[in-house]
Amino acid sequence: MWPYRLRCAAAVLAAGLLGAGCGGPLAAGPAPTRPTIPASLTGTPTGSNAPPASNTPLAGSNAPPSPAAGPIGCAKTRLAAMATRTRIGQLFLLGVPATGLAASRTVITRSAPGGVFLTGRSTTGVAATAAVTTAAQQVGTAASGGVGMFVAADQEGGKVQVLSGPGFSDMPSASVQGGWSATRLQAAAATWGRELRAAGVNVDLAPVADTLSATLGTANAPIGRYGRAFGTDPGTVSAAVTAFVHGMSQAGVTSVVKHFPGLGRVRGNTDYSSGVTDSRTSRTDADLAPFRDGVDAGAGWLMVSSAVYSEIDPGRPAVFSPTVLQAMVRQGLGFSGLVVSDDLGNAAQVAAVPPGARAVDFLAAGGDVVLTANPATLSAMVDSLAAAVAGDPRLAARVADSELRILSAKAALGLVRCDPAMR
């Protein structure tokens, strides 16, 4: 996911600054250590849009909680007090400029999204970014009636580092990070995570768990061209993803592994091209291992690609596929955290689908958080989802599951208060 990043990158490219370091395929790392996927990943949807029953906490950890776990009880309390449209707003992550809210204040106040992600580039440093995120939290918390916001940023490294300047490290690309030891990468990720926390960011839209095709190399537009892959074999990628997630967790930042089930084998970029299709990746593919390992490491979110995977579900992009979202993610990976879409606001891959239908189709298929980089689409998405839920009890139940999962994750991050005064 990086529609806004690509636009920024394109501008830099026009200035002649992106050519260095993109000259060829990444070198292969060590032999894969976990190259296979469990047979359970070939499971089929049960027919219900609700995720399978699980003893894992909704906030994304794989450690079993007690039935009366605090975050879940807190989430239920707050949801019961929220108006329907405000609850629906929690299902959206809205792109806002990293340098300031500008006109986004009005959009946030009107639709009360559950979170924002910082778009473009900011070189102003930690303190200035903290001022932006504090303002976003104030506006968003007021709009939702007291529920804090997810604040996310793409802080991968290299050409995909939204936040820089005083207080932020100069992060190397993932292609460099993939050559580090796990100890070194985990320590670095912990440092980067502490910088994000100091800036008011609680979700990092990283790491990239896509395994880059060595054959394609830089001809792979979304990943290889910009050095975003840790390596060209799943063992190397898994080790780096695990270390990155552990480091961010140490800093109290939620990681997002992306872009399931992988963009390392495509040529086109879904942000700018339609009909992007992966004709190789299957439901038992070795390249799925880094996503599984990222989940096992404790990543709270998983981002789903909008490419079509002809060996998995040839009729639908992954973001609209119950086979991907339910059979593979919920059942196969056993993932109980938040499933977020790749951009559904500006991406050319989904442009033929009306904005409102994009949101409804993603949620109906089993997703949780609709990401839109285009603020102009948010109101239509919220309106369409509210209308669809009102007329479809099954969809309403499916959406209620996501609302609970989101509020539980927020409660675990300290973004929701449930003291007696809030009841």
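Let me begin by describing the structure that accompanies this report. Nothing here was measured: the structure is a model prediction, and the numbers come from that model.

1. Examining the overall build of the protein chain
On a plain count of helices and strands, the protein chain comes out with 13 helices and 13 strands. Considering the protein chain as a whole, with its 423 residues, one finds that 59% of them fall into the buried category. Looking at the protein chain as shown, the accessible area adds up to about 14,400 Å², and 56% of this sits on carbon and sulfur atoms.

2. A word on the pairing of strand E3 (residues 150–153)
Of the two faces of E3, both are covered, the one formed by Phe150 and Ala152 as well as the one formed by Val151 and Ala153. Taken together, the four bridges between strand E2 (residues 115–119) and E3 define a ladder with parallel strand orientation. Bridge pairing in E3 places Gly115 opposite Phe150. Once the chain exits E2 it traverses helix H5 (residues 126–144) before rejoining the sheet at E3, and the crossover so formed is right-handed.

3. Let's talk about unusual backbone geometry
Look at the link from Lys258 to His259: it is a cis peptide, with omega at 5 degrees. If you trace the backbone, His259 turns up in strand E7 (residues 254–260). Look at the link from Phe260 to Pro261: it is a cis peptide, with omega at 0 degrees. By the element assignment, Pro261 lies in the loop between E7 and strand E8 (277–278).

4. Some words on the pairing of strand E11 (residues 313–317)
Note that strand E10 (residues 308–309) and E11 share two bridges and pair antiparallel. Within E11, the residue paired with Tyr309 across the bridge is Asp313. A loop of three residues connects E10 with E11, the two strands running antiparallel in sequence.

5. Structural notes on the pattern of salt bridges
Under the definition given, this model contains 12 salt bridges. In this structure, Glu156 and Arg228 form a salt bridge, with 2.8 Å as the shortest nitrogen-oxygen distance. Within this pair, whereas Glu156 is found in strand E4 (residues 155–157), its partner Arg228 is found in the loop between strand E6 (203–204) and helix H8 (234–250), the two being separated by 72 residues in sequence. Across the pair Arg292 and Asp293 runs a salt bridge whose closest N-O atoms are separated by 3.3 Å. One network of salt bridges, in which partners are shared, links Asp154, Glu156, Arg228 and Lys258.

Criteria and cut-off values
- Residues numbered from 1 in each chain as written.
- Predicted model: local features only at pLDDT ≥ 70, side-chain atom pairs only at ≥ 80, totals over all residues.
- Heavy atoms only, no water.
- Helix = DSSP H or I, 4+ residues; strand = E, 2+ residues; numbered from the N terminus.
- Buried < 20%, exposed > 50% of the residue type's maximum accessible area, 1.4 Å probe, protein only.
- Areas by Shrake-Rupley, 256 points an atom, 1.4 Å probe, with all protein chains shown as cover.
- Pairing = 2+ DSSP bridges.
- Right-handed = clockwise from strand over helix to strand, strands pointing away.
- Salt bridge = Lys/Arg side-chain N within 4 Å of Asp/Glu carboxyl O.

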